[in-house]
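Each chain, letter by letter, is given below.
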Amino acid sequence: MSSNHELFQRALQLMPGGVNSPVRAFNAVGGEPFFTHRADGPYLWDVEGKRYIDYVGSWGPMIVGHNHPAVRKAVAEAIENGLSFGTPCAAELTMAETISKLVPSIEVSRMVNSGTEATMSAIRLARGFTGRPRIVKFEGCYHGHGDAFLVKAGSGALTQGTPTSPGVPKALADLTMTLPFNDFEAASKMFEDTGSEIAGLIVEPVPGNMNCVQPREGYLQHLRELCTQHGALLIFDEVMTGFRVALGGAQAHYGITPDLTTLGKIVGGGMPVGAYGGKREIMQQISPAGPVYQAGTLSGNPVAMAAGLAMLELVQAPGFHAELTRRTILLTDGLQALADGEGIDFTTTRVGAMFGLFFSSEKIETYAQATAADRTLFNRFFQSMLKQGVFFAPAAYEAGFMSMAHDESIIADTLRAARTAFAELRQ
Ligand SMILES: *Cc1c(COP(=O)(O)O)cnc(C)c1O
């Protein structure tokens with residue numbers, strides 16, 4: 001078999017940057033990505049046979065570990081009956097019922113094929129339902145690669161956004177307004193100024209794409225109240241947090257009811273799946289029930305539904321999220337103690353089975369703090385861990401994910417490698 005390096009050289013000729021999604025390319029940390037041949041439980045094996053303890057978990061879906069036999073079996077059974085029908089199938093109903101049972105704010109849902117599709121559809125719906133043009137998002141939150149989200153705060157007029165990618169028209173970016181996460185005042189002011197033009201506010205209730213940042217006490221409630229007061233829809237993007245920070249997602253963990261929710265990652269059990277849903281009255285605006293258009297050739301695919309349903313069965317095991325939380329604490333507390341022992345400025349965040357590692361002396365609560373953490377130290381830590389067979393996300397701004405396959409011995413192995421990595425940082 002070819003080496004990682006040989007494959008990457010070939011890949012560079014075939015795909016932009018050698019990858020099908022940017023962060024896989026290791027540009028943030030330096031070096032070249034490894035090519036995975038096989039995954040099982042907490043492990044990935046690359047094409048050279050090297051084994052890694054994996055805290056990326058396919059960027060979120062693998063909350064029971066890789067290649068779980070129950071998910072594999074469900075997929076194997078489903079494919080016996082064909083790969084795609086293009087007609088309704090009963091598994092879609094079981095999926096919609098399961099989602100509504102686990103996330104009760106979702107009375108009616110629509111399946112799509114990625115998180116990106118879910119968020120793009122949700123903001124179209126918010127605009128269609130309210131008849132208003134503006135969307136509010138937060139600096140550092142990621143909602144997929146839809147045009148409306150590739151926007152940062154403009155330097156001039158407060159309300160007008162600036163595209164963060166060529167190809168996003170300024171006219172469109174102007175309709176996306178950006179707020180600093182965890183800033184109560186800024187949100188109040190924006191709604192006071194432009195509340196009547198805001199169709200919806202979309203937020204990662206626990207941001208996991210600026211590393212992992214916890215909402216301040218009462219912050220999500222504050223956003224809920226502002227949206228209610230000004231007739232804007234509150235959209236929780238739970239593509240990452242859904243079924244992860246708690247069985248019912250961040251909305252269950254913090255006791256907030258959004259108007260719309262977007263899902264992805266875990267809901268597909270490792271297959272390309274997303275979903276959005278919410279209040280019946282709002283969702284009834286989606287075609288063919290209502291006038292807001294949204295469609296998908298492969299949406300509700302029977303094989304993908306089988307994988308997702310098997311996964312959602314597994315996450316309902318009694319004590320599942322409490323145990324994941326306990327393991328996350330074991331890991332983050334363990335890392336903290338090791339860093340403290342070496343006198344390295346280091347801090348962690350965590351909610352449920354999501355965590356963040358920061359080389360910083362501050363308690364991290366904002367995007368500015370998250371991005372001010374020492375990236376050079378992170379990159380050296382990442383490389384040392386990788387060399388020792390532990391794979392954290394290859395960028396300082398990504399959250400880490402715990403899985404049910406990461407038992408105490410895996411965490412102990414991780415901490416053993418981290419002891420070496422932290423010691424190396426002092427040299
Ligand atoms: C991953 C992610 C998305 C995008 O999902 P894709 O399936 O990659 O399109 C959207 N929102 C959040 C919060 C995510 O973490």
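Here the structure is a predicted model, which is why all the values come from computation and not from measurement.

Criteria and thresholds
Residues numbered from 1 in each chain as written. Predicted model: local features only at pLDDT ≥ 70, side-chain atom pairs only at ≥ 80, totals over all residues. Heavy atoms only, no water. Helix = DSSP H or I, 4+ residues; strand = E, 2+ residues; numbered from the N terminus. Domains from an automatic or database assignment. Contact = heavy atoms within 4.5 Å. Buried area = accessible area lost by both parts, 1.4 Å probe. Near = heavy atom within 4 Å. Polar contact = N/O pair within 3.5 Å; in protein donor to acceptor, adjacent residues only side chain to side chain. Areas by Shrake-Rupley, 256 points an atom, 1.4 Å probe, with all protein chains shown as cover. Buried < 20%, exposed > 50% of the residue type's maximum accessible area, 1.4 Å probe, protein only. Arc of directions from axis to C-beta. Phe/Tyr/Trp six-rings, centres within 6.5 Å; stacked < 30°, edge-to-face > 60°. Lys NZ or Arg CZ within 6 Å of the ring centre and 35° of its normal. Core = buried A, V, L, I, M, F, W, Y, C linked by side-chain atoms within 4.5 Å.

1. Looking at the environment of serine 361
- Its place among the elements puts serine 361 in the loop between strand S14 (354-358) and helix H12 (367-372).
- As for serine 361 and arginine 38, which are separated by 323 residues in sequence, their C-alpha atoms are 38 Å apart.

2. Looking at the domain arrangement of the protein chain
- The assigned domain composition of the protein chain is domain 1 (4-67 + 318-425) and domain 2 (69-315).
- Each of domain 1 and domain 2 has a C-alpha centre, and these two points are 25 Å apart.
- On the domain 2 side, the residues contacting the 30 residues of domain 1 number 32 residues.
- Interface area, domain 1 with domain 2, both sides summed: about 2,600 Å², of which 61% is carbon and sulfur.
- For the domain 1 face of the interface with domain 2, the top three residues by lost area are Val351, Met354 and Tyr367, together amounting to 24%.

3. So, the site of the ligand
- In the vicinity of the ligand, the residues found are Ser114, Gly115, Thr116, Tyr142, His143, Gly144, Glu204, Asn209, Asp237, Val239, Met240 and Lys265.
- Here lysine 265 contributes a side-chain N or O atom positioned 2.6 Å from an oxygen atom of the ligand.
- Protein coverage of the free-state accessible area of the ligand, which is 380 Å², stands at 83%.

4. Points about the side chain of threonine 348
- Looking at the element boundaries, threonine 348 is found in strand S13 (residues 347-351).
- A relative accessible area of 19% places threonine 348 in the buried class.
- Ignoring any residue separated from it by four or fewer positions in sequence, one finds threonine 348 in contact with Thr332, Gln336, Gly356 and Leu357.

5. A look at helix H2 (residues 69-79)
- Where H2 is concerned, the buried positions are Val71, Ala74, Val75 and Ala78. Seen along its axis, H2 keeps its buried residues to an arc of 95 degrees; they face one direction.
- Among the structural elements, helix H10 (302-314) are those in contact with the buried residues of H2.

6. Things to note about the packing of aromatic side chains
- Using the criterion set out here, one finds 20 aromatic pairs in the structure.
- Judged by centre distance (4.9 Å) and plane angle (75 degrees), the rings of phenylalanine 34 and phenylalanine 391 are edge-to-face. Of the two residues, phenylalanine 34 sits in the loop between helix H1 (4-14) and strand S1 (36-40) while phenylalanine 391 sits in strand S15 (residues 390-391), which places them 357 residues apart along the sequence. For the pair formed by phenylalanine 34 and phenylalanine 391, the shared burial category is buried.
- Among the aromatic side chains, those forming a connected cluster through ring pairs are Tyr55, Phe346, Phe355, Phe359, Phe381, Phe392 and Phe422.
- In this arrangement the basic side chain of arginine 38 is found over the ring face of tryptophan 45, its NZ or CZ atom lying 4.1 Å from the centre.
- Directly above the ring of tyrosine 43 sits arginine 51, whose terminal nitrogen or CZ lies 4.0 Å from the centroid.

7. Details of the nonpolar core
- Ranked by size, the top nonpolar core spans 70 residues in total, and within it Tyr55, Ile63, Leu335, Phe381, Phe391, Phe392 and Phe422 carry the most contacts.
- With nine residues, the single largest contributor to this core is H10.
- Each of domain 1 (4-67 + 318-425) and domain 2 (69-315) accounts for three or more of the residues forming this core.
- Ignoring any residue separated from it by four or fewer positions in sequence, one finds phenylalanine 391 in contact with Phe26, Phe34, Leu44, Tyr52, Ile53, Asp54, Tyr55, Val56, Phe382 and Leu386.
- Counting 27 residues, the second largest nonpolar core, distinct from the first, contains Met177, Leu226, Leu234 and Ala373.

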